[in-house]
Amino acid sequence: MKGNRKGPLEKFVPWFIPFFIIAAWQLLSWSGAIPERILPAPSQIIQAGIDLTITGELSEHMGISLWRALVGFLIGGIAGFVFGLLNGVFRFADLFFDTSIQMLRNIPHLALIPLVIMWFGIGETSKVFLVALGVLFPVYINTYHGIKSIDKKLIEMGKAYGLNGKELFFQIILPGAMSSILVGIRFSLGVMWLTLIVAETISAQSGIGYMAMNAREFMQMDVIVLSIIIYALFGKISDMIAKYFEGKLLKWNN
Amino acid sequence: MNSHDLQGVDVTIHQVKKKYDDREVLEGLDLQIREGEFVAIVGKSGCGKSTLLRLVAGLEDINGGSINLDGTPLEGLNKQARMMFQDGRLLPWKRVMDNVCLGLPSDEKDRAMQAITQVGLKERIHDYPSKLSGGQKQRVALARALVHDPSLLLLDEPLGALDALTRLEMQRLIESLWLERKFTSILVTHDVEEAVAISDRVILIENGKIALNQPIHLPRPRQRTNPAFSMYVEEILARIMNRKSKKNYSMLVNTETESLFNPINN
Ligand SMILES: Nc1ncnc2c1ncn2[C@@H]1O[C@H](COP(=O)(O)OP(=O)(O)OP(=O)(O)O)[C@@H](O)[C@H]1O
Ligand SMILES: [Mg+2]
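Residues numbered from 1 in each chain as written. Chains lettered and ligands numbered in written order. Predicted model: local features only at pLDDT ≥ 70, side-chain atom pairs only at ≥ 80, totals over all residues. Heavy atoms only, no water.

Participant: Which parts of the structure should I look at to understand the sheet that holds strand β3 (residues 38-42) of chain B?
Facilitator: Adjacent strands of a sheet form backbone hydrogen bonds with each other and so pair up, either parallel or antiparallel. All names here are of chain B. Spatially, six strands are ordered β6-β7-β8-β3-β9-β10 in an open sheet, and the strand pairing comes out mixed. In this open sheet, the two strands that pair with only one neighbour each are β6 (81-84) and β10 (209-215). Looking at each pair of strands side by side, their axes are set apart by 20° on average, direction ignored. Here β3 pairs with strand β8 (residues 184-188) via four bridges, running parallel. Looking across to β8, one finds that A40 is bridged to L187. Helix-sheet contacts for helix α4 (residues 134-146) involve β6 and β7 (152-156), and the interaxial angle to β6 is about 175°. Relative to the sheet, helix α7 (residues 227-240) contacts β3, β9 (201-206) and β10, its axis offset from that of β10 by approximately 170°. (Pairing = 2+ DSSP bridges. Helix = DSSP H or I, 4+ residues; strand = E, 2+ residues; numbered from the N terminus. Axes fitted to C-alpha atoms, helices over the stretch in contact; angles between N-to-C directions. Contact = heavy atoms within 4.5 Å.)

Participant: Is there a simple way to explain the side chain of D98(A) in this structure?
Facilitator: Residue and element names in this part refer to chain A. Tracing the sequence through the fold places D98 in helix α5 (residues 91-105). A distance of 2.6 Å separates a polar atom in the side chain of D98 from a polar atom in the side chain of Y140. Ignoring any residue separated from it by four or fewer positions in sequence, one finds D98 in contact with N87, A93, Y140 and Y144. (Polar contact = N/O pair within 3.5 Å; in protein donor to acceptor, adjacent residues only side chain to side chain.)

Participant: Looking at this structure, I do not really get helix α10 (residues 208-217) of chain A. What am I missing?
Facilitator: Side chains that are three or four residues apart share a direction in an α-helix, a result of its 3.6 residues per turn. All names here are of chain A. Among the residues of α10, those classed as buried are I208, G209, M211, A212 and A215. Across the axial projection of α10, the buried residues extend over an arc of 160°, all falling on one side. On its buried face, α10 is in contact with α3 (42-55), α4 (57-89), α9 (165-202) and α11 (221-249). (Buried < 20%, exposed > 50% of the residue type's maximum accessible area, 1.4 Å probe, protein only. Arc of directions from axis to C-beta.)

Participant: How should I be thinking about the sheet that holds strand β4 (residues 64-69) of chain B in this particular structure?
Facilitator: Residue and element names in this part refer to chain B. Here four strands make up an open sheet; going across it, the order is β2-β1-β4-β5 and the pairing antiparallel. This sheet does not close on itself; its edge strands, each paired only once, are β2 (23-33) and β5 (72-73). Note that strand β1 (residues 11-20) and β2 share eight bridges and pair antiparallel. Considered in β2, the bridge of K18 is made with L26. The strands that helix α1 (residues 49-56) touches are β1, β2 and β4; relative to β1, the one it contacts most, it runs at about 120°.

Participant: Sorry if this is basic, but what is going on with the site of ligand 1 here?
Facilitator: Residues and elements named next belong to chain B. Near ligand 1, the surroundings consist of Y20, R23, V25, S45, G46, C47, G48, K49, S50, T51, R54 and E157. K49 is positioned with one of its side-chain polar atoms (N or O) 2.7 Å from an oxygen atom of ligand 1. Within the side chain of T51, an N or O atom sits 2.5 Å from an oxygen atom of ligand 1. Relative to its free-state accessible area of 630 Å², ligand 1 is covered by the protein chains to the extent of 63%. Listing elements by their share of the shell around ligand 1, those giving two or more residues are β2 and α1. Among the elements that make up the shell around ligand 1, the one with the highest residue count is α1 (four residues). (Near = heavy atom within 4 Å. Areas by Shrake-Rupley, 256 points an atom, 1.4 Å probe, with all protein chains shown as cover.)

Participant: Is there a simple way to think about the packing of aromatic side chains in this case?
Facilitator: Centre-to-centre distance and the angle between the planes together describe a pair of aromatic rings. Summed over the entire model, instances satisfying the criterion amount to 12 aromatic pairs over all chains. Centroid distance F83(A) to F97(A): 5.1 Å. Interplanar angle 75°. Geometry classified as edge-to-face. Taken together, the positions of F83(A) in helix α4 and F97(A) in helix α5 put the pair 14 residues apart, joining distant regions of the chain. Since its relative accessible area comes to 29%, F83(A) is described here as partly exposed. According to the relative accessible area criterion, F97(A) is partly exposed, its value standing at 28%. Relative to W178(B), the ring of F38(B) lies with its centre 5.3 Å away and its plane at 80°, an arrangement referred to as edge-to-face. In this pair, F38(B) is assigned in strand β3 and W178(B) in helix α5 (residues 164-181), connecting sequence segments 140 residues apart. For the pair F38(B) and W178(B), one class covers both residues: buried. (Phe/Tyr/Trp six-rings, centres within 6.5 Å; stacked < 30°, edge-to-face > 60°.)

Shown next, in the form of structure tokens:
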């Protein structure tokens, strides 16, 4: 891996293409080459963002979307992690649960939307439930796999050095499975946003997805594009956070 | 050193049997090791050398016979023993210091520091294993084993992956630490020269039993240029390859199994 210090050029080069595209987009919109009802200009989108911020709508929708994402992620992530650990470490739990979990995993969770609406209505529960379900499996699979693929020789060594069960777990098993667990978490963050977008677009009274669908009824192109950009930013930021922790936790690996 | 009891332990292996599935690896093996003795074990690949070490470490159960430590039968993990493995088995996510502290009570950090200093890696305590050379990794593994003041050090081809110069250096280091602390040592090696250079006695395992039990009567520090040194090496090699040595060295007692329990004077 590269060192922390990047030259000024290395810092800016990745942003050349996005900057160029936005500039071109703005110019083409001004010149009328891109009609406003197809795609509004960047300046209009920014204006829409400012307007919605002033009315307080934007922060309200963003807040509720973030809350759903976070709560669903925590519930699904913790459940997946715990089952992954249990089944990875204990043979009996593995025999008892794994086959069932593998079967459930093959149901596309978004196919459950009609069922979930019947069960929970269009309130918060249905969205949180879907996100949790989507997040659970990637975290489960990668935690389980990470533990199963730990070098048995390291565990033998730990035993020979007198580590007890708890020490073996925290000093060898968990750190040994960590890189795989983090892969699962990063992947599940993508699933989390995707699930939320679909759920909010189809059935919601609030949130960014609702804001976009609502704007469609009033032909507010700028708000629709703004919603899409906010989703993209959410995705990027959550990935950056995950990457940051990855760097911290896997420092030994580079 | 500190007030710990640095004596070695007496290991008596009697008629030990070990089989995996239906394949017998050890078929009634007898070996007596005095406290503080340095024994080297050689033998063809797959003859059961690592298996024997793992049994003595208490990592696996025996299928017959007994292992006694100072007269007490070994049950479960051998707490007096520490093992050093061919592949080091350092934890890649722990720095040198934390690797050496593995299994050590948290108030004994200064002993870890002492052990690291002894193997000459004081400057590297904050490095991860991936930043170390092969020889340095094995030094850390050695420090990790010695920090517990084991009365029995089990070495499973610890130098097998090192280059010739680093091997020599590590052999000297192990020998000097052993001379200083007088723990009992069992070294598995595929290098007969290494066995002769470092041990009091070379054991050959063949067909699940001990086929040769050869005391090395050479003064320490041992000189590889000494003609007697090469005689030992050649004789043992000849025995491993199952051929008669061309010359007959009268100085080498033929010690097949009958000399097993004879005291060795050197
Ligand atoms: N856990 C195990 N399960 C089944 N068979 C095993 C196991 N461990 C060792 N063996 C078998 O026991 C025999 C002896 O193995 P061992 O590792 O002791 O050999 P070794 O003398 O150390 O060989 P090398 O010099 O190659 O390390 C081999 O035939 C090996 O296949
Ligand atoms: Mg071996």
